[in-house]
Amino acid sequence: MIMTAKKLTVAQQLKNQPVYWPKVVISILALLLVIYLGTQTIELKNVNQKGLEIAINIMKGIFQPSLALITDMSKSGLAYMLLETIAIAFLGTIVGMTLALPLAFISSRTITPKMISRSGLLIISIIRAFPSFMYGIMFIKVTGPGPFAGVLTMSVTSIGMLSKLMIEAIEDLDHGIIEALDAAGCSTIQKIRYGIIPQLSSNIISIVIYRFDVNIKQASILGIVGAGGIGASLIFAISGMRWKEVGAMLLGLIIVVLIFEFISTKLRSKLATGE
Amino acid sequence: MLNLIKKIFLPDTFVLSNGKSIKEKFNWGPYITIVVVILVIISAQITNVDINVWIKNGKNFVQMIDDMFPPNFDFFSVMFKPMVATIMMSLLGTLIAAVLALPVSFYLSSNPEFKLNKYLLTSNRTLLGLLRTLPVLVYAKLIALIFGSGAFSGMIAIAIFTFPICVKMMYEQIETVDMGPYEAMISTGASRARSIICSVFPQVKGYYYSTVLYNFEMNVRSAAILGYVGAGGIGVLINTQLTWRAYSNTGLMLIVLVLTVIIIESTSRYLRRKLV
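Since we're looking at a predicted model, the values are computed, not measured. (Residues numbered from 1 in each chain as written. Chains lettered and ligands numbered in written order. Predicted model: local features only at pLDDT ≥ 70, side-chain atom pairs only at ≥ 80, totals over all residues.)

(A) Structural context of the overall build of chain B. Of the regular secondary structure elements, chain B holds 11 helices and 2 strands. Taken from N to C terminus, the helices and strands of chain B fall in the order α-β-β-α-α-α-α-α-α-α-α-α-α. For chain B, whose C-alpha radius of gyration is 27 Å, the value lies well above the compact-globule estimate of 19 Å for 276 residues. Sorting the 276 residues of chain B into buried and exposed places 36% on the buried side. (Helix = DSSP H or I, 4+ residues; strand = E, 2+ residues; numbered from the N terminus. Rg over C-alpha atoms; globule rule 2.2 N^0.38 Å. Buried ≥ 20, exposed ≤ 12 C-beta atoms within 10 Å, placed from the backbone.)

(B) View of the overall build of chain A. When its secondary structure is counted, chain A shows 13 helices and 0 strands. Projected onto its principal axes, the C-alpha positions of chain A cover 85 × 70 × 40 Å. When burial is assessed residue by residue, chain A has 36% of its 275 residues classed as buried. In chain A, of all internal contacts separated by at least 6 residues, the share reaching a separation of at least 24 is 70%. (Contact = placed C-beta atoms within 7 Å.)

(C) Highlighting the nonpolar core. If you look at the biggest cluster of nonpolar residues, it comprises 123 residues, and the most contacted ones within it are A:M249, B:L137, B:A140, B:I143, B:A157, B:L226 and B:V229. No other element matches the 14 residues that helix α7 (residues 151-174) of chain B contributes to this core. Excluding residues within four positions of it along the chain, A:M249 makes contact with A:L78, A:I230, A:S233, A:L234 and A:A237. (Core = buried A, V, L, I, M, F, W, Y, C linked by C-beta atoms within 7 Å.)

(D) Structural view of the interface of chain A and chain B. Facing 50 residues of chain A, the contacting portion of chain B comprises 51 residues. Elements supplying a minimum of two residues to the side of chain A that touches chain B: α3 (21-41), α4 (51-63), α6 (78-106), α8 (132-143), α9 (147-171), α11 (188-222), α12 (231-239) and α13 (243-273) of chain A. In terms of residue class, the side of chain A that touches chain B is made up of 35 nonpolar, 10 polar and 5 charged. (Nonpolar A, V, L, I, M, F, W, Y, C, P; charged D, E, K, R; others polar.)

(E) Local environment of unusual backbone geometry. Residues and elements named next belong to chain B. The backbone of N48 shows a phi angle near 55 degrees, a positive value even though the residue is not glycine. Counting through the fold element by element, N48 comes out in the loop between α2 (29-46) and α3 (51-68). Under the C-beta neighbour-count criterion, N48 is labelled partly exposed, with 16 such atoms within 10 Å.

(F) Molecular detail of the packing of helix α10 (residues 175-183) of chain A against α11(A). Residue and element names in this part refer to chain A. Interaxial distance between α10 and α11 falls to 10 Å at its minimum, and their mutual angle equals 160 degrees. With respect to α11, the element α10 is oriented roughly antiparallel. Of the two possible hands of crossing, α10 and α11 adopt the one that is right-handed. On α11, the residues that touch I177, I178, L181 and D182 of α10 are Q190, K191, Y194, G195, I196 and Q199. (Axes fitted to C-alpha atoms, helices over the stretch in contact; angles between N-to-C directions. Parallel < 35°, antiparallel > 145°, perpendicular 65-115°, else oblique. Left-handed = near helix turned anticlockwise from the far one by under 90°.)

(G) A look at α2(B). Helix length check: α2(B), at 18 residues, gives a terminal C-alpha distance of 26 Å against a target of 26 Å (1.5 Å per residue), a fit within 8%. Downstream of α2(B) by a residue or two, B:N48 has a phi angle that is positive, lying close to 55 degrees. (Expected span 1.5 Å × (residues − 1).)

Here is the structure:
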């Protein structure tokens, strides 16, 4: 055979190793091009001389949070702002789920005909393509500035990810179970109750919990366009250089996000393993 | 009526033919539903949800979209440079974060073969987790104050925001890697850095590029808003045009933004499918 005719020495194998340098040169050149283009558009002009001082003040503020803001239990206090942020995220997630679920069923390739599922996917990608703050601005035109606009924005921006994950869950459905129920003579409602819901519920609950976790982070941004939550006061406090209040708000935000992240991971791992 | 409530909330008891009674598995469903409904009502009160507003002002929503069309195409020459700056700052920010994240992620993966200090590992991971909790807008605002407003601040903010995400995605991947080649290289006397480069990195290479692309995709989306807090890019322009109520200009920017996002997303998705 040919195998025996070929000599395998170390020196020969070293010669046969693939050539890497063209790849490396091309990627370095591409990187340099990107950096060059970057310096054309990104310029470091108005650097503030007080930058370092501000940085030190930020650090100081975070380690000495304003106690007045933390202990304030009225509507302008930290606790209420965080509660409002959580409420926006919660309601947004619930409304987003109710909107995303039918969309996900429509766009699952295994359930509906090709044309319908394609159009469903198109609707989802159009909803997803708009940046979230544009929704915020548009909803404020309707409701006026306030947390209600935030709820609407959250629910629309949640649709994209929720429906995408839900479609995956629905397409993974085991059709054998439904066929078996069919053979046993179950009605459509019974098939949904005993064939589809038990298969989907834990998956969908876990998706929704995950999105709630993401939404809490998102809800803290919405304030920038006037859609409620802690965002607006946080940005105003930073602009006004009230570092102690900034520190208190950042601390509150970090703690809330961490708590919900912890709860969400615990719940989801419980749902995935079936307790 | 009482029977129905009992049937929903309490587990049924079945009596078998041999006289044994068996209780159904306890169902948390109804209780959780009630709690969720109560929470929805409370949240609706906190956030002033009012459906009547929609009946009264619903037309404003359509009106604004209507004002944006037809978009003003002459505005393209003005918005071209900020748009490129938006893409560039997310690209460079992601690149900086990705380059820094790669070595760090090796120091934070809990593979027993790396022989890293357990307490150091946990504390460093927690520190990075804290960085991950804040939204990118807060970083942008703080950094715009330190470095002055402009695309440079946006770039740094994106780098700070992307770094912990990249590190987390990478170390989770590194932990699933086959460590046999690494041990083999170590036993031949190669240094740790050399063994990581030659035996562990090739296994996660595809995933690494895919992570970078994914983060770039996300950052282009979020970079548009950074201008609102003075961190450069197209957001500044959108903000001013909206306050001047120049909706046809905003319409053009929105269309270009959406198209850019879709193009970048589909290219990155195509590349990622090829990589992994």
